[in-house]
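Descriptive structure summary
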Amino acid sequence: MIVLGIETSCDETGVALYDTARGLLAHAIHSQVAMHEDYGGVVPELASRDHIKRLAPLLAHVLAEAGIAKETLGAVAYTAGPGLAGALLTGASFAEGLALALGVPALPVHHLEGHLLSPLLADDPAQFSSDITPAGGHESALKLRFPFIALLVSGGHTQIMCVQQVGAYELLGESLDDAAGEAFDKTAQLLGLGYPGGPALAKLAETGVAGRFKLPRPMLASGDFNFSFSGLKTAVLTAVRASALAHQDQADLAAEFQEAATEVLATKALAACRQRRLSTLVVAGGVGANRRLRQRLDEAGKRQGIRVCYPAMALCTDNGAMIAFAAALRLSAGGYDMAREQCRAGGFAVRPRWPLQEI
Ligand code: KG4
Ligand code: ZN
């Protein structure tokens, strides 16, 4: 079955085709970064209007790339939450309308579940040889095995989850204030790096020396799996206000911030693996693209006998492929009726706030 995936929860329009027999057929993303840059952050109304403009052309593009007609689609999956309400509604309306016209099911997907399962989506479609079966034919084609620990680090969420199987997610800990990506973005803003800040800050950090400025490692020794990043951001603010920073000072501060944030993330994620006696850690979400975080996890993971898996770099940030893939896995696991009931009231609805444990 070919599943169309549509992602419009924030500032990226993602459309993808996932074939349960052949893997990922095509995916395309339009980033709105250039549009929001002038405002220093995402402007929700502009985001919604842009998604509307992009969806149909992106769909035509992926269909052409895969060489298939839309009539061959077996289901249309879309991000139903969490995210910006208006932006979610554009993708939901498009998907529900298309599904109705084609007479196929429309499948609401939880955005974080998309991220969470994305590392299982190998970038080589040839790896997916078996079709979806209720007995989990899909899973047997995957390199990863359940259960595993997942570190979800995006612009809006920082969570450590224990993933028993598709749909069974136990929250072990989360950020009590800012998400890791948000902390990267706000710190980047303090350093005058613009939006989106995470990748820019990581780039600047490469030329800096950590340790010259001393920043805290919040909650590193708290004994639980929770995080706090707002104090770290405030510590950067204090350093920025203390004196005029030359370019090298900014780079050193960026490097120290990255060290502090990634140390806490890596330490806690690996501690969760040890506590649950699980030897696989899956990292998902935009901050999962951070090279220093990957380096720390790989090095410490190797020492501790823990395998660390990431999505392909291109699939770390928001995309339609993870939405199509999550829907395909849930479909095979029989997980759909409940999600539909929760998301719909008569017609359909989106859930801008939607805890992952409630799917
Ligand atoms: O998962 P994502 O694309 O969107 C959300 O669902 O939030 O994550 C976006 C977040 C942003 O905060 C962005 O700054 C951060 O991921 N990010 C990074 C890097 N690439 C993206 N943070 C640190 N280092 C990076 N290389
Ligand atoms: Zn995301």
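Provided above is the structure to which this section pertains.
Since we're looking at a predicted model, the values are computed, not measured.

1. With respect to the coordination of the zinc ion (ligand 2)
For the zinc ion (ligand 2), the full set of protein donor atoms is His111 (NE2), His115 (NE2) and Asp318 (OD), at a range of 2.0 to 2.1 Å. Donor residues for the zinc ion (ligand 2), ordered by position in the chain, follow H-x3-H-x202-D. Of this pair, His115 sits in helix 4 (residues 111–117) while Asp318 sits in the loop between strand 10 (307–309) and helix 11 (320–332), and the two are 203 residues apart along the sequence. Exposure class is identical for His115 and Asp318. Each is buried.

2. Observations regarding the pairing of strand 4 (residues 73–81)
Burial within strand 4 is extensive, with nine of its nine residues counted as buried. Sheet topology places strand 1 (residues 2–7) next to strand 4; five bridges connect them, and they run parallel. By the bridge assignment, Ile6 is partnered in strand 4 with Tyr78. Regarding the hand of the β-α-β motif, the stretch spanning strand 4, helix 3 (residues 85–102) and strand 5 (residues 106–110) is right-handed.

3. Comments concerning the packing of helix 8 (residues 230–242) against helix 9 (residues 247–275)
Two elements in contact, helix 8 and helix 9, have axes whose closest approach is 11 Å; the angle formed by their N-to-C orientations is 165 degrees. When the axis of helix 8 is compared with that of helix 9, the two are roughly antiparallel. Classified by chirality, the crossing of helix 9 by helix 8 is right-handed. Side by side, helix 8 and helix 9 meet where Leu232, Val236, Ala239 and Val240 of the first sit next to Leu253, Phe257, Ala260 and Ala261 of the second. Split into classes, the residues belonging to the contact of helix 8 with helix 9 amount to eight nonpolar, no polar and no charged.

4. Section: the sheet that holds strand 3 (residues 23–31)
Strand order in the open sheet formed by five strands is 3-2-1-4-5, and the pairing between neighbours is mixed. Looking at which strands have only one partner, the edges of the open sheet turn out to be strand 3 and strand 5. Mean inter-strand twist for the sheet, computed between neighbouring axes without regard to direction, equals 20 degrees.

5. Overview of the site of ligand 1
Taken together, the neighbourhood of ligand 1 is formed by 17 residues, with His115, Gly155, Asp185, Gly286 and Asn290 sitting nearest. Residue Gly181 places a main-chain N or O atom 3.2 Å away from an oxygen atom belonging to ligand 1. Note that an oxygen atom of ligand 1 is positioned 3.5 Å from one of the backbone N or O atoms of Val287. In isolation ligand 1 exposes 550 Å². Once the protein is present, 87% of that is buried. Listing elements by their share of the shell around ligand 1, those giving two or more residues are helix 4, helix 6 (180–190) and helix 7 (197–205). By residue number, the principal contributor to the shell around ligand 1 is helix 6, which donates three residues. Residue classes in the shell around ligand 1 are distributed as four nonpolar, eleven polar and two charged.

6. Here's the deal with the side chain of Ser118
Of note, Ser118 is situated in the loop between helix 4 and helix 5 (137–140). There is a polar contact of 2.7 Å between the side chain of Ser118 and the backbone oxygen of His115. Not counting residues up to four positions away in its chain, the partners in contact with Ser118 are Ala284, Pro311, Leu315 and Met322.

7. Brief notes about the environment of Thr90
Relative to the helices and strands, Thr90 is located in helix 3. For the pair Thr90 and Ser48, spaced 42 residues apart in the sequence, the C-alpha separation amounts to 6.4 Å. Setting aside residues no more than four positions away along its own chain, Thr90 makes contact with Thr8, Ser48, His51, Ile52 and Leu55.

8. Side note on the sheet that holds strand 9 (residues 280–284)
On the basis of which strands lie adjacent, the open sheet formed by five strands has the order 8-7-6-9-10 and mixed pairing. The open sheet has two edge strands with one neighbour each: strand 8 (168–174) and strand 10. Along the sheet, successive strands turn relative to each other by an average axial angle of 25 degrees, direction set aside. When strand 6 (residues 148–153) meets strand 9, the two strands line up parallel, connected through four bridges. Note that in strand 9 the partner of Ala150 across the bridge is Val282. Sitting on the sheet, helix 9 is in contact with strand 6, strand 7 (158–165), strand 8 and strand 9, with an inclination near 160 degrees to strand 6.

Calculation rules
- Residues numbered from 1 in each chain as written.
- Chains lettered and ligands numbered in written order.
- Predicted model: local features only at pLDDT ≥ 70, side-chain atom pairs only at ≥ 80, totals over all residues.
- Heavy atoms only, no water.
- Donors = N, O, S within 2.8 Å, 3.2 Å for Na, K, Ca; no water.
- Helix = DSSP H or I, 4+ residues; strand = E, 2+ residues; numbered from the N terminus.
- Buried < 20%, exposed > 50% of the residue type's maximum accessible area, 1.4 Å probe, protein only.
- Pairing = 2+ DSSP bridges.
- Right-handed = clockwise from strand over helix to strand, strands pointing away.
- Axes fitted to C-alpha atoms, helices over the stretch in contact; angles between N-to-C directions.
- Parallel < 35°, antiparallel > 145°, perpendicular 65-115°, else oblique.
- Left-handed = near helix turned anticlockwise from the far one by under 90°.
- Contact = heavy atoms within 4.5 Å.
- Nonpolar A, V, L, I, M, F, W, Y, C, P; charged D, E, K, R; others polar.
- Near = heavy atom within 4 Å.
- Polar contact = N/O pair within 3.5 Å; in protein donor to acceptor, adjacent residues only side chain to side chain.
- Areas by Shrake-Rupley, 256 points an atom, 1.4 Å probe, with all protein chains shown as cover.

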